[in-house]
Structures are given as C-alpha cells and as structure tokens.
Amino acid sequence: QVRLVESGGGLVQAGGSLRLSCAASGRTFSIYAMGWFRQVPGKEREFVAVINLTGSSTNYADSAKGRFTISRDNTKNTVYLQMNSLKPEDTAVYYCAGDRFFRDAVAPTQRGAYDYWGQGSQVTVSS
C-alpha cells in the first residue's frame, strides 16, 4: 500500500554534510506525520527528527538540534533530512517512517506510532 525508499546516505568525513531523502509511493494520501530514526547494531532504533503533515511543526532529538533539519515536499511525496556538522557518533542506519493516522497536530516521536518504514540508508562518518 505504501512504500518508503531512502537515499543519500554514504561515507563522509567528520564535519561534513549529507542530505537524506525518502520518497513515498503508493497510497501516499494515507501518510500524515513522517520522521527519521536511526539504529546501530545492538541498540534500539532511536528518534532523530519528525515533522507533521504540513511541515509547520518539527521536533528533534537533543543530539540533532542545531545540526539536522527535517523538511518535506508533499508535491513530491518526499521527506528530507539535512545533516550538517556530522560526527562519528552519527554513524548509523537511518530509517524514514510514516504515520497513517492523524494523531495530533504535532508529529509523534515514538517508534510505535509509525506504520510505514523504509529499508534504511547507511550513514558512516569517519574521524
């Protein structure tokens, strides 16, 4: 019904930048809030940034504030994550997610709220 595909990951030096994209296809009208989560081996998938349907409200993990920016273009059914000043600890697989319910005016930050998930994109930051 809904497919999310991430792109833009790769290997960068510390202090560099990457821009992740997540394109949605299928029943895109069923997607409300969207977000980015990341995961490293042996750890839980953690919240990075979320954005509501209209893009009027965003929330960031403390580790991302001031460095990452989430945005969306609903005409293209795409959500982005601009990552600047990258650190080695940002190394992870980054997943985009979509919520099929209009839960509130703000986007939820918990993993369980999201129904659609991409397959992930590896981001590696070298020191």
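Refer to the preceding data block for the structure.
Overview of the structure. (Residues numbered from 1 in each chain as written. Predicted model: local features only at pLDDT ≥ 70, side-chain atom pairs only at ≥ 80, totals over all residues. Heavy atoms only, no water.)

Before going further, it helps to examine the sheet that holds strand β3 (residues 18-26). The 4 strands are arranged β1-β3-β8-β7 in an open sheet whose pairing can be described as antiparallel. One side of each edge strand has no neighbouring strand; the edge strands of this open sheet are β1 (2-7) and β7 (68-73). For this sheet, the mean inter-axis angle between neighbouring strands, taken without regard to orientation, is 15 degrees. As paired strands, β3 and strand β8 (residues 78-83) are joined by 6 bridges and run antiparallel to one another. Residue pairing in the sheet places Ser21 in a bridge with Tyr80 of β8. (Pairing = 2+ DSSP bridges. Helix = DSSP H or I, 4+ residues; strand = E, 2+ residues; numbered from the N terminus. Axes fitted to C-alpha atoms, helices over the stretch in contact; angles between N-to-C directions.)

Relative to the helices and strands, Ser21 is located in strand β3. Beyond its immediate sequence surroundings of up to four residues, Ser21 is in contact with Val5, Glu6, Ser7, Trp36, Thr78, Val79 and Tyr80. (Contact = heavy atoms within 4.5 Å.)

With that settled, the discussion passes to the pattern of salt bridges. Per the counting criterion, the structure on display carries 6 salt bridges. In this structure, Lys65 engages Asp62 in a salt bridge whose closest nitrogen and oxygen atoms are separated by 3.3 Å. By relative accessible area, Asp62 is classed as exposed at 65%. Of the charged contacts, one joins Asp90 and Arg67 as a salt bridge, the two residues approaching to 2.7 Å between their closest N and O atoms. Of the two residues, Asp90 sits in the loop between β8 and β9 (92-98) while Arg67 sits in the loop between β6 (58-60) and β7, which places them 23 residues apart along the sequence. (Salt bridge = Lys/Arg side-chain N within 4 Å of Asp/Glu carboxyl O. Buried < 20%, exposed > 50% of the residue type's maximum accessible area, 1.4 Å probe, protein only.)

Note that all results are geometric; they support no functional claim without further evidence.
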